[in-house]
Amino acid sequence: MTTEQSPTLDNLLTESRSFPPSPEFAAAANATADWYTEADADREAFWAKQAERLHWDTKWTQVLDWSNAPFAKWFVGGKLNVAYNCVDRHVEAGHGDQVAIHWVGEPGDTRDITYAQLKDEVSKAANGLLSLGVTAGDRVAIQLQMIPEAIVSMLACARIGALHSVVFGGFSPSALRQRVDDADAKVVITSDGQYRRGKAAPMKANVDEALDGAQSVEKVIVVRRTGDDLEGDVPWSDGRDIWWHELIDAQSADHKPEAFDSEHPLYILYTSGTTGKPKGILHTSGGYLTQAAYTHNAVFDHKPGQDVYWCTADIGWVTGHSYIVYGPLANRATQVVYEGTPNTPHEGRHWEIIQKYKVSIYYTAPTLIRTFMKWGAEIPAKYDLSSLRLLGSVGEPINPEAWMWFRENIGGGNCPIVDTWWQTETGAIMISPLPGVTHAKPGSAQRPLPGVSAKVVDDTATEVGNGGGGYLVLDKPWPSMLRGIWGDDERFKDTYWSRFAEQGFYFAGDGAKYDNDGDIWLLGRVDDVMNVSGHRISTTEVESALVSHPTVAEAAVVGASDPTTGQGIVAFVILRGDAAKAGDEAIQELRNHVAKEIGPIAKPRQIMVVPELPKTRSGKIMRRLLRDVAENREVGDVTTLADSTVMDQISKGLSSGS
Ligand code: WTA
């Protein structure tokens, strides 16, 4: 493999510290070492046992049908209702008074929602959707910030068999529109506005812009969140728009959940691929919920009724789907859901929340940990974090420095840390230490979970040896695997299954390495997908946004390593004619243009105006060379360029400040 990883990632491989679990933790841990042997001996029996965590109205007749690979069917013939599993059954078992959600609003308002209340809310919302004519199989788009109604909406869809498609609240109108159109969403659920860093910002107005002329949308349900704090009126389309409180509050709290087939689609979630058009990743019911519940139990060592769990993700991403909504609720968790940013109104907000609710399990992302490091260890030191007993990380490789800082300053030096590798496509955690079992190493996700099989292979699909690097593949099907790309079976096969078609491996798009113990170290994407603060953004997507601006003739985008965000977006643009002498203002306008087209998370960190782009003779842009420039390294081998002087022209142009 051509290793294009950054020097920081190389450093990971010299890490040799190892932390065994404490005997007390190990003695009480949910997971045990024999799970590995049990799963290896009979994988399907192992997964069938995990599926018993759920309530099935009809039991399956076959664990796995892989006869039409890569289209899997798990728990064939089984029937269940996902929302019943996440809510009602806990109430029926006598836990109705247990808090499901400690919700904390950014301005400081709070709500505690018990499982009994959640059941009523979800039932009412299900009845509300039914009253609008939403039926099983229909698609409902949800663009909401982190408020309880977001979770209620998702569960209401699941309850009636409608698919939700959650669109991150920070995505632009055109990104929302693209997703609404692709899935033919019948209903959109949103809010009047959202609190962002202490201010109320409009949400509904953006949704209206997105939906102008959208053919499929019949109704828009609007949650009132910012109310009078929002400047100006909420734009309203009579006949189409309806307030959440007017629709839902009036509904009956009785709704009988119907059992759906194990393979009934549960949701679509769009993610960036190597081309400009986002892929609608499709997940189904029984297998997905089984693996979400199993991993939430095993990896977080979750104890219902005792732990207070907090996953800091947004429901706009898969982590929010699997580890705020489906996994924890299926396992009867009591969890914190926080609406706002970590530094509003001050940089100790997370620690204050942990102290107040006695959070015991805290699952977050490396980019946030590095931000906390920047803000300083004296901030968490002011709070009582002694309730914490397990920490987790997801979204990108965590550098050993950040891991150690997290362990010492947040975990008090004694919490196991689980570095969890997975993807939107895998639906649930795949590679992670098992707390209480694994000797944790800072920076390594270590081993596939019991029941999961992953390998690091070279170009010829041969597994590399210890110390060797290559491509990460998943060589056996798993219950929560994606069932396809919405409306595009060919793209599904082509994207994930063509690279190692003969062997039938799923290619994850990540590079990885084994250390001398055979533990896995993730090395970042090997394709044209960037990872910025744990968010996947494709280089093509940003390039398309740039060239849609009238001043841009051509653009090439690379992800350059960044101390806080993991990667930062660096764009090289060739401007048209007169624009070529553009100053700072024009560059600012381009950055804003990308933010407007895709969303603020895609705003390039830096844009460099260049006279030419480095291309091979077949016209492919050599991003490797641009990355050298973006990361201030000596430019590598240029012999395969069509014009070998291009890099000199670029470097000269940049040093003379144009
Ligand atoms: C990266 C997020 C290293 C990886 C759940 C993957 C990680 C992509 C880790 C998926 C980790 C996620 N260590 N890299 N622990 N977790 N990644 O779909 O490149 O938003 O392919 O899912 O994030 O991102 P996605």
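About the cut-offs
- Residues numbered from 1 in each chain as written.
- Predicted model: local features only at pLDDT ≥ 70, side-chain atom pairs only at ≥ 80, totals over all residues.
- Heavy atoms only, no water.
- UniProt positions renumbered as here; feature names shortened; annotations may be inferred.
- Helix = DSSP H or I, 4+ residues; strand = E, 2+ residues; numbered from the N terminus.
- Buried < 20%, exposed > 50% of the residue type's maximum accessible area, 1.4 Å probe, protein only.
- Contact = heavy atoms within 4.5 Å.
- Polar contact = N/O pair within 3.5 Å; in protein donor to acceptor, adjacent residues only side chain to side chain.
- Pairing = 2+ DSSP bridges.
- Axes fitted to C-alpha atoms, helices over the stretch in contact; angles between N-to-C directions.
- Near = heavy atom within 4 Å.
- Areas by Shrake-Rupley, 256 points an atom, 1.4 Å probe, with all protein chains shown as cover.

1. Points about the UniProt feature "binding site: ATP" (unreviewed entry) in the protein chain
Item 1. When the UniProt feature table is mapped onto this chain, "binding site: ATP" (unreviewed entry) is found at Gly 395, Glu 396, Pro 397, Asp 419, Thr 420, Trp 421, Trp 422, Gln 423, Thr 424, Asp 510, Arg 525 and Arg 536.
Item 2. With respect to the secondary-structure elements, Glu 396 resides in the loop between strand 19 (390–394) and helix 15 (400–410).
Item 3. Glu 396 gets classed as buried once you look at its relative accessible area, which sits at 10%.
Item 4. The residues contacting Glu 396, other than those within four sequence positions of it, are Pro 366, Thr 367, Arg 370, Asn 531, Ser 533, Gly 534, Thr 565 and Gly 566.
Item 5. Among the polar contacts listed, one links the side chain of Glu 396 to the side chain of Arg 370, at a separation of 3.0 Å.
Item 6. One polar contact links Thr 420 to Tyr 363, side chain to side chain, over a distance of 2.7 Å.

2. Describing the side chain of Ser 216
Item 1. Looking at the element boundaries, Ser 216 is found in the loop between helix 9 (204–211) and strand 11 (219–223).
Item 2. Of note is the side chain of Ser 216, whose polar atom sits 2.8 Å from the backbone oxygen of Ala 185.
Item 3. In this view, Ser 216 contacts Val 180, Asp 184, Ala 185 and Lys 186; residues no more than four positions away in its chain are not counted.

3. A closer look at unusual backbone geometry
Item 1. For the peptide bond that leads from Ala 69 to Pro 70, omega is 5°, which places it in the cis range.
Item 2. Assignment of secondary structure puts Pro 70 in the loop between strand 1 (62–65) and strand 2 (73–76).
Item 3. Cis geometry is adopted by the peptide bond preceding Pro 345, which originates at Thr 344 and carries an omega value of -5°.
Item 4. With respect to the element layout, Pro 345 can be found in the loop between strand 17 (334–338) and helix 13 (349–357).
Item 5. A positive phi angle is found at Arg 197, which is not glycine, with a value near 45°.
Item 6. Looking at where Arg 197 falls in the secondary structure, it is placed in the loop between strand 9 (193–196) and strand 10 (199–202).
Item 7. Phi at Gln 446 takes a positive value of approximately 75°, unusual for a residue other than glycine.

4. Brief notes about the sheet that holds strand 16 (residues 308–311)
Item 1. Taken in spatial order, the seven strands of this open sheet run 5-4-17-16-18-19-20, and their pairing is mixed. Two strands bound the open sheet, and with one partner strand each, they are strand 5 (110–114) and strand 20 (417–420). Strand-to-strand, the axes of this sheet are offset by a mean angle of 20°, without reference to chain direction.
Item 2. Where strand 16 lies against strand 17, three bridges are found, and the strand directions are parallel. Residue pairing in the sheet places Val 308 in a bridge with Thr 334 of strand 17.

5. Observations regarding the site of the ligand
Item 1. In the vicinity of the ligand, 17 residues are found, and the nearest of them are Asp 419, Thr 420, Thr 424, Asp 510 and Arg 536.
Item 2. In this structure, a nitrogen atom belonging to the ligand sits 2.8 Å away from a side-chain N or O atom of Asp 419.
Item 3. In this structure, an oxygen atom belonging to the ligand sits 2.7 Å away from a side-chain N or O atom of Arg 536.
Item 4. Compared with its free state, where it exposes 520 Å², the ligand has 96% of that area covered by protein.
Item 5. Counting residues per element, the ones that place at least two in the shell around the ligand are helix 12 (318–330), strand 20 and strand 25 (520–525).

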